[in-house]
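Below, each chain spelled out in residue letters.
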Amino acid sequence: MLWEKTLERYGMMIEDKIKEYFKNLIKEARHYHSFIANVYSSLEEYVLRRGKRLASCTTLLTYEGYTCRIDGNILDACVGIEVYRHCILIHDDIIDMDMLRRGRKTVHQLFAEEYDSRFGEGVATFMGNIAYSLASLALIRSGFSEKKIIKSLSLLSRGYQEVNESQVLDLLFEYKNVEVNEWNVMASKRAASLFKIAILTGAILGDAPEEDLKRLEEAAVNIGYAFDIQDDIIDTFADEKEYGKPPCRDIMLGKKPLHVIYTLNLADPRDSETLKVLLGKRADLDREDIGLIRDIIKRSGGLEAAKKSSRKYAEKARELIMQTSLNGDVKRFFNSLIGYIEESLDWYR
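All of the points below concern the structure found in this document. (Residues numbered from 1 in each chain as written. Predicted model: local features only at pLDDT ≥ 70, side-chain atom pairs only at ≥ 80, totals over all residues. Heavy atoms only, no water.)

## Quick word on the environment of A55
For A55, the location among the structural elements is in helix α3 (residues 54–67). A55 sits 31 residues away from H86 along the chain, and the two C-alpha atoms are 10 Å apart. Sequence-distant contacts of A55, defined by excluding residues within four places in its chain, comprise I81, L194 and A198. (Helix = DSSP H or I, 4+ residues; strand = E, 2+ residues; numbered from the N terminus. Contact = heavy atoms within 4.5 Å.)

What follows is the structure, encoded as structure tokens:
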């Protein structure tokens with residue numbers, strides 16, 4: 001698909017800059033403490049694990065969509081966006097007690113093996129905080145004007161506040177009944193916030209017109225909603241071989257993605273109570289449990305209701321992107337990405 005080929009090509013450029021950034025950090029750290037140098041080496045390895053680089057690539061593409069060029073300054077800024085993305089993931093792994101991220105040990109698990117779990121979680125917590133600082137520094141040192149850097153840093157700071165609020169709400173939702181409007185509040189601060197930072201940073205640094213900034217902000221939020229819903233559906237319905245981790249991981253933790261909230265509201269009382277019991281199990285789910293969860297979500301109409309919401313957000317995002325003055329190639333990239341989100345919803349029926 002167009003969006004995948006584009007991310008692969010642009011992602012390699014960003015990865016080269018990430019390696020350069022960490023090479024200098026590690027070299028400097030070796031002068032004062034070998035363990036801190038090891039921390040930065042571990043952070044570099046974590047950031048460079050094979051991924052789509054979706055956040056930083058959308059920054060790069062949006063910038064190119066207004067300037068028709070790629071330069072060293074924007075690549076340095078993209079390093080900041082990519083490191084920011086991973087500061088969130090490090091903390092996410094701790095809260096969700098994940099042992100693996102992209103097929104390798106999570107940061108807290110990696111360092112726990114050196115001493116104990118307290119040490120691992122402590123180091124990972126501080127590493128996530130350090131990563132946020134490094135993301136900010138990458139933007140500060142990117143070479144853009146002071147005015148543009150201040151705007152970008154304000155976006156990043158606000159986004160970091162929002163994503164932490166979303167984590168608090170996500171955790172809270174494991175312990176209470178949740179309404180759709182509450183999920184919307186939480187989701188507006190999760191992937192929607194990340195896409196807003198990524199796209200608007202590229203637009204601000206690329207001198208996008210003011211009217212486009214407003215459209216792009218709304219488009220980014222809608223992409224984030226559509227993506228979140230799709231990603232949560234995949235977590236429930238994809239096989240481990242396909243997704244790289246056990247299915248229903250979020251449900252096992254008691255999380256309440258949108259398709260589960262719809263199911264709890266739409267299902268008959270017996271199915272609703274069964275799902276609540278499985279949500280509260282907080283232990284590995286066996287094949288029978290997973291099958292039952294999927295059946296309840298499907299027959300209640302919860303899955304289709306969530307898909308409908310995702311498609312609505314995707315279509316709104318496409319409409320807004322097309323109204324901007326981004327160049328044709330970048331519009332085609334976003335159209336392809338949004339199309340993938342829509343198409344993937346049909347993988348699970």
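## Overview of the layout of surface pockets
The probe, sized like a water molecule, is rolled over the atoms to show the empty space still left. In this structure, the second largest pocket spans a volume of roughly 280 Å³. Forming the walls of the second largest pocket are 13 residues, and the residues nearest its centre are Y21, N24, L25, A138 and R141. Listed by contribution, the elements that provide at least two residues to the lining of the second largest pocket are α1 (2–29), α4 (72–95) and α6 (117–140). Sort the elements by how many residues they give to the lining of the second largest pocket and α1 lands first, with 6 residues. (1 Å grid on protein atoms, 1.4 Å probe; cavity = no way out; pocket = protein on both sides within 12 Å on 5 of 7 lines; lining within 4 Å. Points joined across faces, edges and corners; volume = space filled by probe spheres on them.)

## Quick word on the nonpolar core
Residues F22 and Y84 are the most contacted members of the largest nonpolar core, which totals 116 residues. No other element matches α4, which puts 13 residues into this core. Among residues more than four places away in sequence, those in contact with F22 are Y40, L43, E44, V83 and L134. (Core = buried A, V, L, I, M, F, W, Y, C linked by side-chain atoms within 4.5 Å. Buried < 20%, exposed > 50% of the residue type's maximum accessible area, 1.4 Å probe, protein only.)

## A closer look at empty space enclosed by the protein
By the definition in use, this model includes 1 cavity of 30 Å³ or more. Here the largest cavity is characterised by a volume of approximately 50 Å³. The wall of the largest cavity is formed by D170, W183, M186, R190, D232, D250, K255, K256 and P257. Of the residues belonging to the lining of the largest cavity, the class tally is 3 nonpolar, no polar and 6 charged. (Nonpolar A, V, L, I, M, F, W, Y, C, P; charged D, E, K, R; others polar.)

## Re unusual backbone geometry
At R53, a position not held by glycine, the phi torsion is positive, near 60 degrees. Along the chain, R53 falls in the loop between α2 (34–48) and α3. Phi at M97 is positive, roughly 55 degrees, even though this residue is not glycine. With respect to the helices and strands, the residue M97 is situated in the loop between α4 and β1 (100–101). Judged by its relative accessible area of 52%, M97 falls in the exposed class.

## Side note on the pattern of salt bridges
Going through the model one piece at a time under the given rule, you end up with 31 salt bridges. Here R53 makes a salt bridge to E15, at a shortest N to O gap of 3.0 Å. Of this pair, R53 sits in the loop between α2 and α3 while E15 sits in helix α1; the two residues are 38 residues apart in sequence, bridging distant segments of the chain. We note that R53, like E15, is buried. For the salt bridge of R190 with D228, the shortest nitrogen-to-oxygen distance reads 3.0 Å. Of this pair, R190 sits in the loop between α8 (180–187) and α9 (191–205) while D228 sits in helix α10 (residues 210–237), and the two are 38 residues apart along the sequence. If you follow the salt bridges from partner to partner, you end up with E15, R50, R53 and E82 in one network. (Salt bridge = Lys/Arg side-chain N within 4 Å of Asp/Glu carboxyl O.)

## Regarding the packing of α1 against α2
One way to put it is that α1 packs onto α2 with a least axis distance of 8 Å and a crossing angle of 170 degrees. When the interaxial angle is binned, α1 and α2 end up roughly antiparallel. The segment α1 lies against α2, with E15, I18, K19, F22, L25, I26 and A29 engaging I36, A37, Y40, S41, L43, E44, V47 and L48. For the contact of α1 with α2, the per-class residue count stands at 11 nonpolar, 1 polar and 3 charged. (Axes fitted to C-alpha atoms, helices over the stretch in contact; angles between N-to-C directions. Parallel < 35°, antiparallel > 145°, perpendicular 65-115°, else oblique.)

## Remarks on the packing of helix α7 (residues 146–173) against α9
Axis separation between α7 and α9 bottoms out at 10 Å; the angle between their running directions is 180 degrees. Classified by the angle their axes make, α7 and α9 are roughly antiparallel. On α9, the residues that touch K148, K151, S152, L155, L156, G159 and E162 of α7 are S193, K196, I197, L200, T201, I204 and L205. Tallied by class, the residues present in the contact of α7 with α9 amount to 6 nonpolar, 4 polar and 4 charged.

## Some words on the packing of aromatic side chains
Tallied over the entire structure, the rule returns 16 aromatic pairs. Relative to F119, the ring of Y115 has its centre 4.6 Å away and its plane inclined at 65 degrees; by these criteria the two rings are edge-to-face. Within the aromatic cluster, the residues linked to one another by ring pairs are W3, F237, Y340, W347 and Y348. The ring of Y313 carries K312 above its face, with NZ or CZ at 4.7 Å from the centroid. (Phe/Tyr/Trp six-rings, centres within 6.5 Å; stacked < 30°, edge-to-face > 60°. Lys NZ or Arg CZ within 6 Å of the ring centre and 35° of its normal.)

## Quick look at a nonpolar patch on the surface
Among the surface-exposed residues, I95, L171 and Y175 lie close enough to one another that they form a single nonpolar patch of about 330 Å² accessible area. Position of L171 relative to the elements: it lies in helix α7. Its relative accessible area of 36% is what places L171 among the partly exposed residues. (Patch = residues over 30% accessible without salt bridge, like charges linked within 9 Å, V, L, I, M, F, W, Y side chains within 5 Å. Areas by Shrake-Rupley, 256 points an atom, 1.4 Å probe, with all protein chains shown as cover.)

## Examining the state of the cysteines
What the rule picks out here adds up to 0 disulfides. Looking at C87, it has no disulfide partner, and the nearest cysteine sulfur is the one in C78, 16 Å off. On the basis of relative accessible area, C87 is assigned to the buried category, the value being 0%. (Disulfide = S-S within 2.5 Å.)

## Brief notes about the environment of L60
Of note, L60 is situated in helix α3. Among the residues examined, L60 registers a relative accessible area of 0% and is labelled buried. Between the C-alpha atoms of L60 and E8, which are 52 residues apart in sequence, the distance is 13 Å. Once you skip the residues sitting within four places of it in the chain, L60 turns out to touch Y10, M13, I14, I70, I74, L75 and C78.

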